[in-house]
Amino acid sequence: MRVTIAAVVDTCETSTPNRLSPPVVRSPKLVQGVGFAFFRRKAMQRWIQRHGRIFEINIPFFGRSIVVSDPDLVRSVCTASAEQLANVQPNLGNWFGPGSVFGLDDSTHRERRRLLAPAFHGKSLHSYEQVIVAETLRECANWPEGQEFRMLEPMNRITLNVILRTIFGADGPELDTLRALIPPYMKLGQLIAFVPAPPSWARRLGPWGRLDKLRATFDRTARTLIAAAESDPGLADRPDVLAFLVRNGHDDGAEMSRADLCDELLTLICAGHETTASALAWTFERLRRHPDVLVELAKEVDDGGGEFRRATIAESLRVRTVIDVAGRRVRAPSADIGDWRIPQDRTVLVRIADLHGNPDVFSHPVRFDPDRFCGTKAAAPTWLAFGGGVRRCIGADFAIAEMDVVLRTVLQNFRIRTDAAADEKSHFRGIAHTPKLGGRVTVNRRK
Ligand code: HEM
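Below, the structure is looked at part by part. Small disclaimer: the values here were computed from a predicted structure and weren't measured.

1. Some thoughts on the coordination of the iron atom of the ligand
Metal coordination angles in their ideal form are 109.5 degrees for the four-donor tetrahedron and 90 or 180 degrees for the six-donor octahedron. Of the protein atoms, Cys393 (SG) alone serves as a donor to the iron atom of the ligand, at 2.2 Å. Tracing the chain through its elements places Cys393 in the loop between helix H15 (352–356) and helix H16 (396–413).

Structure, rendered in structure tokens:
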């Protein structure tokens, strides 16, 4: 199959007469919207069966949208330039504010990524390891032995504390305020992230009013921490992300405004913890049901290795995809995805979960089998847990390193009981997918 994506003007159509429009799902928009919002996995399976791995749906907020889950077509989407496929509309800039990287496009987006990326990979990751170990040990100190409990909330506390300390450095009363504020902000915000905001006179009412109040407290607290960092005589030696942004916080030569900095700090906190916590909860959910994998992991922890653990993390992110969709919008007069021609303004949704479940790509795709990633890198276009191309997740390395350290620390200290419990279903929180029962496990402390 030809896999080029090119901006083409309408007049070119005669030179490529074979280009087709993707098949269209014909049921009423409301039915498609309900399927997409509430029964996504089943609806997608039915549409894929009927139309193949590229088709068009029409859904609230995103309108006419091309859904893709074939690896060659996904590669086309990932390698497209921002001039061809731009940021999806609406996007999470709705929720975090116009200064968030999620809302930016083109050169401002590139500049912002250039600014943020060094804080989340390479050398920087090493300095966060001690924080991750300490937060994991603190959280699991009181885990009940021999009694089943949900992993999701402990994992959320660990990842929230880790991201807060990574971003702001030393603990203090402001971090206590954020610790209390972020969970309700996340819970509510995810549900209305893509819903158009009501006019300002109506905004004080309902969920937007509650979200605005939490946001005002966040901004006050963040501004206190920013001011403290700016006047800190030790700023040059601080390893936290805020210190890094205050030292280097220039977008295209201009200093980042306070409002943009607040939007970005909130973005990193929210994007950077619940996703990772959900992925960890899914990993424990899988391990409970896979004694062979657990035995091998425990042995590797004792021997001091890590390859199988990282393969387990990649497999868990594949088989239980936390963020199931990555979106773009056709900006060029039209864009070609494989043999298909997509007109301007269409949304393009890469269905990551269906790519990961594609039997042509992964044999026995429902099987949890970390060996598939031993000696092979989990990477685009077949493995897309962190999206791809110019908008690939900024925190991917950070998230994998964090999952690795948390998993290692838990396995060093606990044995996880295995049994034949039924798989937990998936619960969609608005953006992330979590185990419906919270990833229940029973543990015993290792002697
Ligand atoms: C297991 C954990 C995580 C998963 C599964 C995940 C997944 C994703 C996905 C699928 C995207 C969209 C990519 C695209 O559109 O192609 C994304 C974007 C993003 N993620 Fe993550 N993420 C995780 C952890 C993190 C962490 C730890 C951070 C920050 C510390 C983070 C920050 C971001 C940001 C800022 C973006 C927007 C990038 C842009 O638009 O340029 N994520 N993530």
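2. Points about the pairing of strand S2 (residues 63–68)
Counting buried positions along S2 gives five out of six residues, so the element sits mostly inside the fold. Judged from the six bridges that link them, strand S1 (residues 54–59) and S2 form a sheet pairing that is antiparallel. Of the residues in S2, the one forming a bridge with Asn58 is Arg64. Between S1 and the antiparallel strand that follows it, S2, lie three residues; Phe61 among them carries a positive phi value of about 75°. One ladder, built from four bridges, connects S2 with strand S10 (residues 347–351); its direction is parallel. Opposite Val68, over in S10, you have Val350 as the bridge partner.

3. A short note on the packing of helix H1 (residues 29–38) against helix H2 (residues 40–51)
For the pair H1 and H2, interaxial distance at closest approach is 5 Å and the crossing angle is 120°. By the criterion of interaxial angle, the relationship of H1 to H2 is oblique. Contacts from Gln32, Gly35, Phe36 and Phe38 of H1 reach H2 at Arg40, Ala43, Met44 and Trp47.

4. Remarks on the pattern of salt bridges
Scanning the entire structure with this criterion turns up 42 salt bridges. When the shortest N-O distance is used, the salt bridge between Arg40 and Asp324 registers 3.0 Å. Residue Arg40 is found in helix H2, and its partner Asp324 is found in the loop between helix H14 (307–319) and strand S7 (325–330); the two are separated by 284 residues along the sequence. On the basis of relative accessibility, which here comes to 11%, the residue Arg40 falls in the buried class. Close ionic contact of Arg440 with Glu148 constitutes a salt bridge, the shortest N to O distance being 2.6 Å.

Rules used throughout
- Residues numbered from 1 in each chain as written.
- Predicted model: local features only at pLDDT ≥ 70, side-chain atom pairs only at ≥ 80, totals over all residues.
- Heavy atoms only, no water.
- Donors = N, O, S within 2.8 Å, 3.2 Å for Na, K, Ca; no water.
- Helix = DSSP H or I, 4+ residues; strand = E, 2+ residues; numbered from the N terminus.
- Buried < 20%, exposed > 50% of the residue type's maximum accessible area, 1.4 Å probe, protein only.
- Pairing = 2+ DSSP bridges.
- Axes fitted to C-alpha atoms, helices over the stretch in contact; angles between N-to-C directions.
- Parallel < 35°, antiparallel > 145°, perpendicular 65-115°, else oblique.
- Contact = heavy atoms within 4.5 Å.
- Salt bridge = Lys/Arg side-chain N within 4 Å of Asp/Glu carboxyl O.

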